[in-house]
Amino acid sequence: MLRATLKSLLSRKLRLVLSALAVVLGVMFVSGAFVLSSTLNKSFDSLFASVYEGTDVTITGKSNVANGPTDAIPASALEKAKSTAGVKTATGSVFADGARAIGKNGKVVAGGGQRFGANWTGETDIVKMRSGKAPSADNEIAVNQAFADASGYKIGDSVGVLTLEPKKQFTIVGIFGYSGDRGSIAGEQTIAFTTPVAQQLMLGEKDVYSSVDVTAADGVSATKLRDDLRSSLGDGFVVKTGEEMSKAQSDSVKGVFDVIRNILLGFAGVALLVGIFLIINTFSIIVAQRTKELALMRAMGASGGQVIGSVIVEAIIIGLIASVLGLAAGIGVGAALVAVVGSVIPSAGLVIPLSAVIAAFSIGILVTVVAALFPALRASRIPPIAAMRDAANTTKPLTTITIVGGVVTALGVAGLWVALAGGAGDNTLALLLGGVLFAFIGVALLTPMISQPVVSVLGQFMSWSMPGKLGRRNSARNPRRTAITSAALMIGIALVIGVSVVATSFKASITKAIDTGLQAELIIAGEQTGPMPPTFDPSVLDKIKNTSGVRSVTGIYFDGAKINDKDGGFVYAVSDVKALGDIMGLKATSGSVDALSGNQLILDERTAKDANLSVGGTVKVQTTRGEAVTYTVAGVFKESQVLRGYVLPQAAAANFLAPNPAQAYVRLDSGASVSAAKDKIDTYLADSPEVTVADRSSYVKQQTSFLDILLGMIQVLLALAIIIAVLGVINTLALSMIERTRELGLLRAVGMSRPQIMGMVTVESVVISLFGTLLGIGVGVGLGAAIVRALKDEGLSTLALPWTQIVVYLILAVVIGVVAGVIPAIRAARTDVLRAISYE
């Protein structure tokens, strides 16, 4: 049986290649994800170890809000650290994100990493001045090599820099680098000021530091010094050894890479799910084609178990080969991605973790064996008498598979409903993914029932000739086979369309909210690409207010906050609350929303209800900087589509992460020229290149542009699943041509030409592809609509369909069908008539 199985496998090399290729691509995705994440984790371990190599203890402040910057350390704490026994040196450092330099083109200098501002504390084993000198005057800066390369600036050039304060001009006097001939630590741009300037611009006050780096005196251990400093400084600071700080920093980055790895594994799972459909179809066709062969084996004494074993052995061999090739390809892909990232982040060498090897072989073999199990069981039930008849095309009733499909689909829909309704608690993600999986499987099981009528209707559009009519009938002759092939294509299309429905609905909801709830003709805003939001000089608001044709203007500030000691809050501050009400049409349901004085705030009625607040109630608000402040509710306004949450007076913005306005809304007088006002405001923003003034439609495009990027990334990652589905169409048609060799010969014998044969096969391929795409569009629209409905209370108020993408994918389905049908069509057209007629 083993020799017979191996001979059967080697006699069908094309089938072997196509079946293995689906698994190879999935395994490549999985192993590549593990290689990439493990290599990056090791690289950052090495990176942070080198950064803290010369530091025994580091002192930082505590964070006021979750994921916010730490509190500044006063100079008195630095002096206390210096006087602590066992301290050799203690150096106060300023190092904070948010120093954005303006390039020669008038825009913020682009870069792949963060933009830090620091104080120059002198050269170390890691930091070396490469040219020029250290900054010594308040208008002098030194920049790292990465910034110099990205900006094109040289020593002696004047450059504008945006920080917590509006643009200020500085002269570059030095360019520094890092050990190992690096221009940066991890792709960041760093601007070094004198210490007093860095304190004011990056931390908002003088005589403070973001951290203190301490070295121990001879004979004093880092842990002993850490404990002594904790006792000396008290509970208001975080004191860690250099090794602890290195691990903490590395772990925070690893969390990001783990998320990336899990996302990649998720897409790999989709590709493998599609591959399972391909393998099931392949083995089902092969078992059907080998009916006589397997029946003869049964007649010669082979048991059902041996027949199952022969199919499973074949699957194991394919899975093993695919695992080896997929692992090799995954290592190659991981190495290529590491090389790309290595241009920014120094690599510690390629890491091939054991988890990648185990996952590659486990998944590769398991997926193939599981996919081959049902065809194997079917093969074991072939009776010896089948050797005496042609049973390759036996059609079975669809009742059982339809009932099972209905039950599985119902379970999937129920899981999605509970997850999206918020009834799953901590298990929401698992239930959501399980619901999607069950929905896909259920729809796939239901597909045979609907394939015959739908495929017949689709084929009508291509039945203008005899080859077209035959192609239509061939695509409908085996509903199970057509269904499985189409279902593989359905999965990738459904996910893309589902995400597109959500994205399109999000854009439509924003447009509707702005059209109905915002009276501003012009909006000042920018696109946030880092922790620090884009901001502009608050003096611009006064200039706009005094501009002819402007009715009202208000600036918006925002910050993360703790609300009544609970993390996860968010607050706004406004420059003119009365103008805010005029522009956003705020209507008070209680109290007043026209003015704020002292420690007062206003909020919408939904937020008030959730927090059990009313006029006169108090709220404790802790923003990124400073101490917590208790505010009194001055008014509650009717729920707005464009503003929700706590609105504080402008003075509160002084303790925000970004103390300058991030947005502004401008309402014009009736009849005023929008273009003239826009041109005038543009001149006011000349020194604020991070933001632009836009009309309402341009603002919507600006705020939703990230969705187009996200959708593009998802399409690229799901392209692998679609490629595997295309391989499934090719494989199904190629094996069907073998199965129909005699039929093809008879068609040629009665006068059908080779081009007509090719046309018949191409029509069959196009019909199958269109059917799978329509299924995907239907399922995707259903999933997207369910998500939009579930998020209605979160702002997704409008359901919109991505008609352009739907049309594009329908056209793509035709292209896929034509491309997938090329190889099988050529093979069919080359069929030798005499050999085909005599084919058994």
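The numbers attached to residues start from 1 for each chain and follow its sequence in the written order. A pLDDT threshold of at least 70 governs which residues receive local features in this predicted model, and a stricter bar of 80 or more applies before side-chain atom pairs are shown or counted, although totals over entire chains, interfaces and linings include all residues. For the side-chain quantities, the full set of heavy atoms in the structure was used; hydrogens and water were omitted.

What follows concerns the overall build of the chain. When you go through the chain residue by residue, the secondary structure sums to 23 helices and 24 strands. Its C-alpha atoms give the chain principal-axis dimensions of roughly 95 × 75 × 50 Å. Buried residues in the chain amount to 50% of all 840 residues. Contacts are residue-level and defined by heavy atoms, with any inter-residue pair within 4.5 Å sufficient. Across the chain, every contact between residues at least 6 apart in sequence was considered, and the portion connecting residues at least 24 apart equals 81%. Accessible surface is estimated by sampling points in the Shrake-Rupley manner with a 1.4 Å probe; for residues, cover comes only from the protein chains shown. For the chain, the exposed area adds up to about 36,900 Å²; of that, 60% sits on carbon and sulfur atoms. Numbering of helices and strands starts at the N terminus; helices are DSSP runs of H or I of at least 4 residues and strands are runs of E of at least 2. Under the scheme applied here, a residue whose accessible area is under 20% of the maximum for its type counts as buried, over 50% as exposed, and between as partly exposed, the area being computed with a 1.4 Å probe on protein chains only.

Attention now goes to the packing of helix H14 (residues 479-517) against helix H22 (residues 803-829). To get an axis, fit a line to the C-alpha atoms, keeping to the stretch in contact for a helix; angles then go from 0 to 180 degrees between the N-to-C directions. Running from amino to carboxyl end, H14 crosses H22 at an angle of 160°, the nearest separation of the two axes being 11 Å. By the criterion of interaxial angle, the relationship of H14 to H22 is roughly antiparallel. As H14 runs across H22, the sense of the crossing is right-handed. On the side of H14, the interface is formed by Leu-489, Ile-493, Val-496, Ile-497 and Ser-500, while H22 contributes Gln-805, Ile-806, Tyr-809 and Ile-816. Under this scheme an angle from 65 to 115 degrees is roughly perpendicular, one under 35 degrees roughly parallel, and one over 145 degrees roughly antiparallel; angles in between are oblique. Each crossing gets its handedness from the near helix: less than a right angle anticlockwise from the far helix is left-handed, clockwise is right-handed.

Taken N-terminus to C-terminus, the directions of helix H12 (residues 428-460) and H14 make an angle of 120°; their axes are 8 Å apart at the nearest point. For the element pair H12 / H14, the angle class is oblique. Viewed along their axes, H12 and H14 form a crossing whose handedness is right-handed. Touching Phe-440, Val-443, Ala-444, Thr-447, Pro-448, Ser-451, Gln-452 and Val-455 of H12 are Pro-479, Arg-480, Thr-482, Ala-483, Ala-487, Met-490, Ile-491, Ala-494 and Leu-495, all from H14. Ten residue types, Ala, Val, Leu, Ile, Met, Phe, Trp, Tyr, Cys and Pro, are classed as nonpolar, four, Asp, Glu, Lys and Arg, as charged, and the remainder, Gly among them, as polar. Of the residues assigned to the contact of H12 with H14, the class counts are 12 nonpolar, four polar and one charged.

The subject of this paragraph is the nonpolar core. Nonpolar core, defined: a set of buried Ala, Val, Leu, Ile, Met, Phe, Trp, Tyr and Cys residues in which side-chain atoms within 4.5 Å join the residues together. Residues Phe-176, Phe-440, Met-490, Ile-491 and Ile-724 are the most contacted members of the largest nonpolar core, which totals 108 residues. Of all hydrophobic cores here, the second largest spans 40 residues; its members include Val-87, Val-159, Phe-170 and Leu-201.

Moving on, we come to the side chain of Ser-323. Its location among the elements puts Ser-323 in helix H9 (residues 304-342). At a separation of 3.2 Å, a polar atom in the side chain of Ser-323 contacts the main-chain carbonyl oxygen of Ala-360. Two N or O atoms count as a polar contact when they lie within 3.5 Å, although within protein this holds only if one can serve as hydrogen donor and the other as acceptor, and sequence-adjacent residues are included solely when both atoms are side-chain atoms.

Taken together, four strands build an open sheet; the order of strands is S3-S13-S1-S14 and the sheet is antiparallel. What marks the edges here is a single partner per strand, and that holds for strand S3 (87-93) and strand S14 (237-241). Averaged over all neighbouring strand pairs, the angle between strand axes comes to 20°, with direction disregarded. In this sheet, strand S13 (residues 211-216) lies alongside S3 in antiparallel orientation, the contact comprising six bridges. Within the sheet, the bridge partner assigned to Thr-91 lies in S13 and is Asp-213. Where helix H3 (residues 75-82) meets the sheet, its contacts fall on strand S1 (57-61), S3, S13 and S14, and the angle it forms with S3 comes to roughly 165°. Against the sheet, helix H6 (residues 222-233) touches S1, S3, S13 and S14, its axis set at about 170° to S14. Two strands qualify as a pair provided that DSSP identifies no fewer than 2 bridges between them.

Another aspect to go through is the pairing of strand S6 (residues 115-119). The element S6 is extensively covered by neighbouring structure, given that five of its five residues are classed as buried. Neither face of S6 is exposed, since Arg-115, Gly-117 and Asn-119 on one face and Phe-116 and Ala-118 on the opposite face are all buried. Pairing of strand S4 (residues 95-97) with S6 involves three bridges; the strand directions are antiparallel. Counted as the bridge partner of Phe-95 is Ala-118 from S6. Two strands pair when backbone bridges link them, and S6 and strand S11 (residues 189-193) are joined in this way by five bridges, in the parallel orientation. By the bridge assignment for S11, Gly-117 is matched with Ile-191.

What follows concerns empty space enclosed by the protein. Note on definitions: the grid is 1 Å and covers protein atoms alone; a cavity is a set of points where a 1.4 Å probe fits but cannot get out; a pocket is an open set with protein on both sides within 12 Å along at least five of seven lines; lining residues have an atom within 4 Å of a point. Grid points are joined across faces, edges and corners, and a volume is the space filled by probe spheres set on the points. Here the structure, examined in full by the defined rule, presents five cavities of 30 Å³ or more. Considering only enclosed or pocket space, the second largest cavity measures out at about 60 Å³ in volume. If you go around the second largest cavity, the residues you meet are Arg-100, Leu-162, Thr-163, Glu-165, Pro-166, Lys-167, Thr-535, Phe-536, Asp-537, Asn-660, Asp-687 and Ser-688. Taken together, the residues that form the lining of the second largest cavity break down as three nonpolar, four polar and five charged.

As a further point, take the side chain of Glu-188. When you line up the elements, Glu-188 lands in the loop between strand S10 (168-178) and S11. Under the convention used here, Asp and Glu are negative, Lys and Arg are positive, and both His and the chain ends fall outside the count. Each salt bridge in this description consists of a side-chain nitrogen of Lys or Arg and a carboxyl oxygen of Asp or Glu lying within 4 Å of one another. Put simply, Glu-188 is tucked away with no salt bridge, and the nearest opposite charge, on Arg-182, sits 8.2 Å away. A polar contact is formed between the side chain of Glu-188 and the backbone nitrogen of Ile-185, at a distance of 2.8 Å.

Now for the packing of aromatic side chains. A pair of Phe, Tyr and Trp rings is counted when the ring centres sit within 6.5 Å of each other, with Trp represented by its six-membered ring. The angle between the planes then sorts it: under 30 degrees is stacked, over 60 is edge-to-face, the rest tilted. On inspection of all chains with the given rule, the structure shows seven aromatic pairs. For the ring pair Phe-147 and Tyr-153, a centre distance of 6.3 Å and an interplane angle of 15° mean the geometry is stacked. For the pair shown, Phe-147 and Tyr-153 are each scored as buried. Pairwise contacts between aromatic rings join Trp-120, Phe-176 and Tyr-178 into one cluster.

The next thing to look at is the pattern of salt bridges. Overall, the coordinates contain 17 salt bridges when judged by the stated rule. For Glu-79, the salt bridge identified is with Lys-82, shortest N-O distance 3.9 Å. With Glu-79 and Lys-82 both in helix H3, this residue pair falls three residues apart, about one helical turn. For Glu-79, a relative accessible area of 46% puts it in the partly exposed group. Overall, Lys-82 belongs to the partly exposed group, its relative accessible area being 42%. With a closest N to O distance of 2.7 Å, Asp-708 and Lys-507 form a salt bridge. Pair noted here: Asp-708 is in helix H19 (residues 696-739) and Lys-507 is in helix H14, with a separation of 201 residues, a long-range link.

As for its placement among the helices and strands, Ala-268 is situated in helix H7 (residues 242-289). C-alpha separation for the pair Ala-268 and Leu-718, spaced 450 residues apart in sequence, amounts to 8.8 Å. Excluding residues that lie within four positions of it along the chain, Ala-268 makes contacts with Gly-26, Phe-29 and Val-30.

Note that Ala-677 resides in helix H18 (residues 674-684). The class for Ala-677 is buried, based on a relative accessible area of 8%. Taking C-alpha positions, Ala-677 is 8.5 Å from Leu-522, a pair spaced 155 residues apart along the chain. Discounting residues that sit within four places of it in the chain, Ala-677 has contacts with Leu-522 and Leu-668.

So, about the pairing of strand S23 (residues 663-668). Summarising burial for S23: six of the six residues are buried, a large majority. Burial of the side chains of S23 extends over both faces: Gln-663, Tyr-665 and Arg-667 are buried on one face and Ala-664, Val-666 and Leu-668 on the other. One ladder, built from three bridges, connects strand S15 (residues 522-526) with S23; its direction is antiparallel. Residue pairing across strands places Leu-522 opposite Val-666, the latter belonging to S23. The sheet contact formed by strand S16 (residues 550-563) and S23 spans six bridges and is antiparallel. The residue bridging Ile-556 from the neighbouring strand is Gln-663, located in S23.

With 22 residues, helix H11 (residues 399-420) ought to run about 32 Å at 1.5 Å a step, and its terminal C-alpha atoms sit 31 Å apart, in line with that. Listed as buried for H11 are Ile-401, Thr-402, Gly-405, Val-408, Thr-409, Gly-412, Gly-415, Leu-416 and Ala-419. Take H11 and look down its axis: the buried residues cluster within an arc of 150°, on one side only. Facing away from the buried surface of H11 by more than 90 degrees, the exposed residues are Thr-399, Thr-400, Ile-403 and Trp-417. Residues of H11 that are buried sit in contact with H12, H14 and helix H21 (754-790). Gly-422 sits one or two residues past H11 and shows a positive phi near 80°. The span one expects for a helix is its residue count, reduced by one, times 1.5 Å. Summarising the geometry, the arc corresponds to the directions from the helix axis toward the C-beta atoms.

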